[in-house]
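Chains, contacts and geometry: an overview
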Amino acid sequence: VAATLTATQRAVLSTRMAASVTRVHVNEGQRVAAGTLLVSLSDGDLQGGLKAAEAAVAAAEAHHRRIEALLKQGASTAAEQDMARTQLAQAQAGLAGVKANLAFTQIRAPFAGVVQARRVNEGDFVGPGMPLVEVEGQGALELVGSVSEAEAAGLKVGTRLPFEADGGRGEAVITGLATGGDPISHRGTLRARILKSDAALRTGSFARLQLPTRGAAGDGILRVPRTALVNRGELTGVFVAREGRAELRWLSLGEPEGALVPVRAGLSKGEAVIDAPGNLKDGQPIEVRP
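Below is a short write-up of the structure. Along each chain, numbering runs from 1 in the same order as the chain's sequence is written. Residue-level local features of this predicted model are given only where pLDDT is at least 70; pairs of side-chain atoms are given and counted only at 80 or more, and the full residue set underlies all totals for whole chains, interfaces and linings. Hydrogens and water molecules were not included; the side-chain quantities draw on all heavy atoms of the structure.

A separate point is the nonpolar core. Judged by nonpolar contacts, the single largest core of 21 residues is most densely connected at L5, L143, F163, L190, I194, L201 and L209. The way it works is that DSSP assigns letters per residue, a run of H or I at least four long becomes a helix, a run of E at least two long becomes a strand, and they are numbered from the N terminus. Counting residues per element, the ones that place at least two in this core are β1 (2–7), β10 (141–147), β11 (160–165), β12 (168–177), β13 (188–197) and β14 (206–209). As used in this record, nonpolar core signifies buried Ala, Val, Leu, Ile, Met, Phe, Trp, Tyr and Cys residues forming a set joined through side-chain atoms within 4.5 Å. Burial classes follow relative accessibility: with a 1.4 Å probe on protein chains only, a residue under 20% of its type's maximum area counts as buried, one over 50% as exposed, and anything between as partly exposed. Residues A11, V24, F111 and V126 belong to the second largest nonpolar core, which totals 19 residues.

Structure, rendered in C-alpha cells:
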C-alpha cells in the first residue's frame, strides 16, 4: 500500500490571541531547541493589563495584611478576614489569566526539531487557531498509509512489515491500525514506525508498505489487467460485459502489481471484464464468445 514518511513528532503551532506579528525569529530548515522563541506577537494591551493586575494583587495583599493585623487586636471580624482572602484570591486569579494570555504572544518550540514551514511574516495580523509555524521533531520517523478491511486482514499492532522508500528498503513495525474509518473510501489509517533502512529517509517522501497478503493467491482481492483500464480525466474504470452490452464501470484501484491492478471497489467477483477495449463505448452492443 502507498504510504507517506512523516515524523512521529510534528506540531502546527498557532495562538488563541488576535494580534499582529511583531517578529518571526526562524526560517524553514532551521534547527531549534525545545522552548526556542519562534514568533512574537504584539502584546501592548496585555502589558497594560498585566500592570493593572499586579497592582490589584498588591492592593489586595496589603488589605489582607491590615485585616490580619486588626483581627489579632480584636478590631476586625472573621467575616472581614474571609472577604479579604477572597479579594486576594480573585486578584491573583486575574493576574494568572493575564500571564497565560501573554504566553500566547510568545510562540515557542514544544520540542527540539526542525522548522518545516513558516506561514507568517512580520506585520501580518493573525487570529485564533491560524497556523504560524510547523515544527518536526528529530526523533523517529513513521509511515502513514490507508488500508481496506481486506488488506488489514491478519495485521495487528506490533506486526513488522518491509517497505521501500527513497530508493532503499527497510523494516517498520505497526504502531496504529484502524480499518473502515472513512465513510467514503471505507479505508482506515495504518501507522508504522521505522525500525531500520538502508537509505537516508526524508519526511514527505512516498513509500510502499508490503503487506503479507499482497499478491498471494486466494487473498480475496480482485485484480484486473492494466490493459483493461479506461481513463477519462481523473477517473479510471473498465468495461464489463453485461446483458449483451459493454457497461463502463468506474473503479477505486490500489497500487499496481506488475501487469495487474488491485480493485478496491466497483467490481464483484465473477463479472466479465473486457480486456483491451480500444474505442468501445458505454452501452455498445457486444457479443461474448467462448
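Now that the structure is up, let's keep going.
Examined against the element boundaries, K269 turns out to sit in the segment after β20 (260–265). The class for K269 is exposed, based on a relative accessible area of 78%. Separated by 46 residues in the primary sequence, K269 and R223 have C-alpha atoms spaced 9.8 Å apart.

A few words now on helix α2 (residues 78–103). For a helix, the expected span equals 1.5 Å multiplied by the number of residues minus one. Taking 1.5 Å of rise per residue, the 26 residues of α2 would be expected to cover 38 Å, and the 38 Å separating its terminal C-alpha atoms lies within 8% of that figure. Those residues of α2 that fall on the buried side of the exposure criterion are Q81, A84, L88, A91, L95, V98 and L102.

Let us now look at the sheet that holds strand β7 (residues 113–118). A strand pair is defined by DSSP finding two or more bridges across the two strands. Reading across from one edge, β2-β9-β7-β4 is the order of the four strands in this open sheet, with antiparallel pairing throughout. Pairing within the sheet leaves two strands with one partner each, and these edge strands are β2 (10–13) and β4 (31–32). As paired strands, β2 and strand β9 (residues 133–137) are joined by four bridges and run antiparallel to one another. The residue bridging R10 from the neighbouring strand is E136, located in β9.

Before going further, it helps to spend a moment on the packing of helix α1 (residues 44–72) against α2. As a packed pair, α1 and α2 sit with axes 8 Å apart at the nearest point and diverge in direction by 160 degrees. When the interaxial angle is binned, α1 and α2 end up roughly antiparallel. As α1 packs across α2, the resulting crossing turns out to be left-handed. Between the N-to-C directions of two axes lies an angle of 0 to 180 degrees, each axis being a line fitted to C-alpha atoms and, for a helix, fitted only over the stretch in contact. Oblique is the label for any angle not covered by the other classes, which are roughly parallel (under 35 degrees), roughly antiparallel (over 145) and roughly perpendicular (65 to 115). For any pair of crossing helices, the crossing counts as left-handed if the nearer helix is rotated counterclockwise from the farther one by less than a right angle, and right-handed if it is rotated clockwise.

Quick look at unusual backbone geometry now. A positive phi angle, close to 55 degrees, is found at E243, a residue other than glycine. Here E243 lies in the loop between β17 (235–242) and β18 (245–250). With a phi close to 50 degrees, A276 is a non-glycine residue in the positive phi region. Tracing the chain through its elements places A276 in the segment after β20.

Each regular strand shows side chains that alternate between the opposite faces of the sheet. As paired strands, β11 and β12 are joined by six bridges and run antiparallel to one another. Its bridge partner lying in β12, L161 is registered against A172. Counted between consecutive antiparallel strands, the loop separating β11 from β12 contains two residues, among which D166 sits at a positive phi close to 50 degrees. In the sheet, β12 pairs with β13 via seven bridges, with the strands oriented antiparallel. Pairing of L177 across the sheet is with L190, part of β13.

The next subject is the environment of A52. Assignment of secondary structure puts A52 in helix α1. Each C-alpha atom of the pair A52 and A91 lies 10.0 Å from the other, and the pair is 39 residues apart in sequence.

This part is about α1. Its 29 residues place the ends of α1 43 Å apart at the C-alpha level, agreeing with the 42 Å of an ideal helix rising 1.5 Å per residue. Of all the positions in α1, only L46, L50, A53, V57, A60, H64 and I67 are classed as buried.

One side chain can pair with another of opposite charge once the charged atoms of both are near each other. The salt bridge criterion pairs a side-chain nitrogen of Lys or Arg with a carboxyl oxygen of Asp or Glu, the two atoms within 4 Å. Applying the stated criterion across every chain, the model contains twelve salt bridges. In this structure, E164 engages R169 in a salt bridge whose closest nitrogen and oxygen atoms are separated by 2.9 Å. Exposure remark for E164: the relative accessible area of 28% places this residue in the partly exposed category. The residue D166 makes a salt bridge to R202 at a minimum N-O spacing of 3.8 Å. Of the two residues, D166 is situated in the loop between β11 and β12 and R202 in the loop between β13 and β14; the sequence distance between them amounts to 36 residues. Taking relative accessible area as the criterion, D166 reaches 30% and is therefore assigned partly exposed.

Here we take up the sheet that holds β1. In space, the six strands of this closed barrel follow the order β1-β10-β13-β12-β11-β14, with antiparallel pairing throughout. Going across the sheet, the axis of each strand differs from the next one's by a mean of 40 degrees, ignoring polarity. With three bridges joining them, β11 and β14 adopt antiparallel strand pairing. Paired with E164 across the bridge in β14 is R208.

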